[in-house]
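Here is how the chains run, residue by residue.
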Amino acid sequence: MSDRNRADAVYRALLTRQGEQWVQPRVERTRRVLELLDDPQRTYRVVHVTGTNGKTSTSRIIESIVRAHGLRTGLFTSPHLERFTERIMIDGEPIDDGLIADAWDEIAPIVDLVDAELAASGDAALTFFELLTVLAFVAFADAPVDVAVVEVGMGGTWDSTNTADGDVAVIAPIDLDHADKLGHSIAEIATVKAGIIKPGAAVVSAQQEASALAVLTDAAAARDASLAVEGSAFGLTSQRLAVGGQQLAVRGLAAAYDDLYLPLYGAHQGHNAALAIAAVESLIGAGVQPIAPDVLTDGLAQVTSPGRLQLIGVAPTVLVDSAHNPHGARALVAALGDSFDFDEWGIVFGAFGDKDTSGIVSTLAPAAAHVFVTAPDSERAADPEALADLVEALGIPVTVHPALADAAEAAREWASGSERRAVVIAGSVVLAGEALQLAADEDWKSGWRA
């Protein structure tokens, strides 16, 4: 069997487990597996990243800067866009098929043992995300990596990734999301996310609402952890558009950094970069040693963030952005106005039914000249007709399309009618992944073909 087939078999085995949306506050189950594997997550330094939006982009920027220091890196993020190996990166590349299959073979006997223990106690078997976390930690130890940048799956306190002790805890902006699991107020959600703060750790946080900041301040003090907050301890001092991205100046914890080029669009990505720089300063220089200019330049230049304001088509311009909650939608709308010079945007929109679809639609509305509603390829997809009703109630032209390919074709045809029009596909990470594959298959970067 080829390594590709072996890796695909691993993914099929994971899919037989309870899915990622099936979440119980039971981090001890993952901890049990890791203990039986001699705690591989303790063999490298860890930067642990949580928050509501910006986690993945911030994680990717941190990893790139750390790698530019000449250190071997691991990066664990979720969800994936096209193939599950994207979630476990080593030195900036998706994990090799053979390595992930070998890691699965390594953990399989332990998984069977712990599943049997769980069954005996009347508990459910290990889940998709619990096992994926274990796979990542084992693969990073086998590589081996010097530093792992680990994105929380959901929340923090009881997330499977919280079995790792982060040397640095990074808190991206906190807002309302997953309220049924994390809490119905920002303070409640912040309390869960603050659970990644370990005793003596360095904590760096984006600017937060007052209630969230109060929770983080108390949690850091209780665990004798330092806390550096954007705006007071570090921050973005200037930001302007540049070809393919933006030019930044950042006041870090240890130094000021000017003339930085970040190949990502959107004001929020500039703030993510400032947060990432403070995190790397905390990891490598204890917050007092500046990052060497050439290292920082190289690290930022290599950053990518697939599915986040990513250009996937030209003539007409087509962007894709996950924007799966109102906070993400606000960042998208701001970026469309600040970073691009178009008069009208056609929005291809599909979302999951368990998301705040009304909030997302109302937030996207000011940017939309026409909405092409569709559905992600998932059982969790919201009914397109119901989404169209939300759009129509706001007085925005809307059409319904059974699949992304149909919606994208209609949107691209609409946009091709004027050079002042462009398209953005948004609302779901799954939809973003489908868009990336569709754009590649149809070669959207070669231009519109009617």
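Residues numbered from 1 in each chain as written. Predicted model: local features only at pLDDT ≥ 70, side-chain atom pairs only at ≥ 80, totals over all residues. Heavy atoms only, no water.

Caption draft 1: Highlighting the overall build of the chain. Secondary structure assignment for the chain yields 15 helices and 17 strands. Relative to its length of 450 residues, the chain is compact, with a C-alpha radius of gyration of 22 Å against a globular reference of 22 Å. For the C-alpha atoms alone, the extent of the chain along its principal axes is close to 60 × 50 × 45 Å. The contacts of the chain with a sequence gap of at least 6 include a subset with a gap of at least 24, amounting to 73%. A total of about 17500 Å² of accessible surface is found on the chain, and carbon and sulfur atoms cover 50% of it. (Helix = DSSP H or I, 4+ residues; strand = E, 2+ residues; numbered from the N terminus. Rg over C-alpha atoms; globule rule 2.2 N^0.38 Å. Contact = heavy atoms within 4.5 Å. Areas by Shrake-Rupley, 256 points an atom, 1.4 Å probe, with all protein chains shown as cover.)

Caption draft 2: How the structure looks around the pairing of strand β17 (residues 421-426). Of all the six residues making up β17, five are buried; the element is thus mostly covered by neighbouring parts of the structure. Of the pairings in the sheet, the one linking strand β13 (residues 318-321) to β17 comprises four bridges and is parallel in character. Within β17, the position partnered with leucine 319 by the bridge is valine 424. (Buried < 20%, exposed > 50% of the residue type's maximum accessible area, 1.4 Å probe, protein only. Pairing = 2+ DSSP bridges.)

Caption draft 3: Representation of the side chain of serine 59 within the structure. With respect to the secondary-structure elements, serine 59 resides in helix α3 (residues 55-68). For serine 59, a relative accessible area of 0% translates into the label buried. Setting aside residues no more than four positions away along its own chain, serine 59 makes contact with Val49, Leu75, Thr77, Val149 and Glu151.

Caption draft 4: How the structure looks around the pairing of strand β2 (residues 73-76). Burial along β2 is two-sided: the residues Thr73 and Leu75 and Gly74 and Phe76 are all buried. Direction of pairing for β2 relative to strand β5 (residues 147-151): parallel, over a ladder of four bridges. Residue leucine 75 lies in a different strand from β5, and its bridge partner there is valine 149. Bridge count for β2 against strand β3 (residues 88-90) is three bridges, and the pairing is antiparallel. Counted as the bridge partner of glycine 74 is isoleucine 90 from β3.

Caption draft 5: Geometry of the sheet that holds strand β9 (residues 235-242). Taken in spatial order, the three strands make up an open sheet running β9-β10-β11, and their pairing is antiparallel. Only two strands of the sheet have a single partner each, and these edge strands are β9 and β11 (256-262). Between one strand axis and the next, the sheet turns through 15 degrees on average, direction left out of account. (Axes fitted to C-alpha atoms, helices over the stretch in contact; angles between N-to-C directions.)

Caption draft 6: Just the environment of alanine 190, in detail. Here alanine 190 lies in helix α7 (residues 186-193). Residue classification places alanine 190 among the buried residues on the basis of a relative accessible area of 0%. The spatial distance from the C-alpha of alanine 190 to the C-alpha of glutamate 93 is 32 Å, given a sequence separation of 97 residues.

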